[in-house]
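Next come the chains, spelled out residue by residue.
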Amino acid sequence: MATRWSLTIDCAHPAKLADFWALALGYVEKPAPAGFGSWEEWFSHHGIPEDEWDEGAYLCDPEGAGPNLSFLKVPEPKAVKNRVHLDVQVGGGRETPWEVRWPRVVKAVERLTAAGATVVREEDMQGRPDHVVMADPEGNEFCLV
């Protein structure tokens, strides 16, 4: 049996970054834990002070296939290149023919730059574009493949 896992992203603005990644991945806000009508109700039940309620945001794959994502507020800014990054397979991944995949990647670049991402660089393979390295609104690198 595989071990379940989730990904936590440290950031300055959890809700804003969660909104970006929900758009990028097709994720939705993670429902409050069972027995609670909202995250606020859960926070209150566990004695978390109200001024800390905006220090995290939580997403999940609406189909339940992908990992959960947590966005946690930290005081320090991002300082160096990521050692781990996401390859977002908006084009279908490299097993999808380039002629089908690349226009999907280009369309996703346009959509995500409009949402606050930046293009870091375009990488070529065998003389034609292969993937785009981008940064989310807080500078975390990811690739569109």
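The shown structure was predicted, so the numbers you read here are calculated from the model rather than taken from an experiment.

Enquirer: How would you summarise the sheet that holds strand S3 (residues 56–60) if you had to cite specific residues and measurements?
Expert: The strand order across the open sheet formed by four strands is S1-S4-S3-S2, and the pairing between neighbours is mixed. The sheet is open, and its two edges are formed by strand S1 (6–11) and strand S2 (28–29), each paired on a single side. The pairing of S1 with strand S4 (residues 68–73) spans six bridges and is parallel. Looking at S4, one finds that Ile9 is bridged to Phe71.

Enquirer: Requested: an account of the sheet that holds strand S6 (residues 118–125), with residues and values cited.
Expert: What the four strands build is an open sheet, ordered S5-S8-S7-S6; its pairing is mixed. Of all strands in the sheet, those bounded by a partner on one side alone are strand S5 (86–88) and S6. Averaged over all neighbouring strand pairs, the angle between strand axes comes to 30 degrees, with direction disregarded. As defined by bridge partners, S5 adjoins strand S8 (residues 141–144) across three bridges and the pair is classed as parallel. Note that in S8 the partner of Asp87 across the bridge is Cys143. Contacting S5 and S8, helix H1 (residues 14–25) crosses the sheet at an angle of about 45 degrees to S5. Contacting S6, strand S7 (128–135) and S8, helix H3 (residues 98–114) crosses the sheet at an angle of about 25 degrees to S7.

What counts and how
- Residues numbered from 1 in each chain as written.
- Predicted model: local features only at pLDDT ≥ 70, side-chain atom pairs only at ≥ 80, totals over all residues.
- Heavy atoms only, no water.
- Pairing = 2+ DSSP bridges.
- Helix = DSSP H or I, 4+ residues; strand = E, 2+ residues; numbered from the N terminus.
- Axes fitted to C-alpha atoms, helices over the stretch in contact; angles between N-to-C directions.
- Contact = heavy atoms within 4.5 Å.

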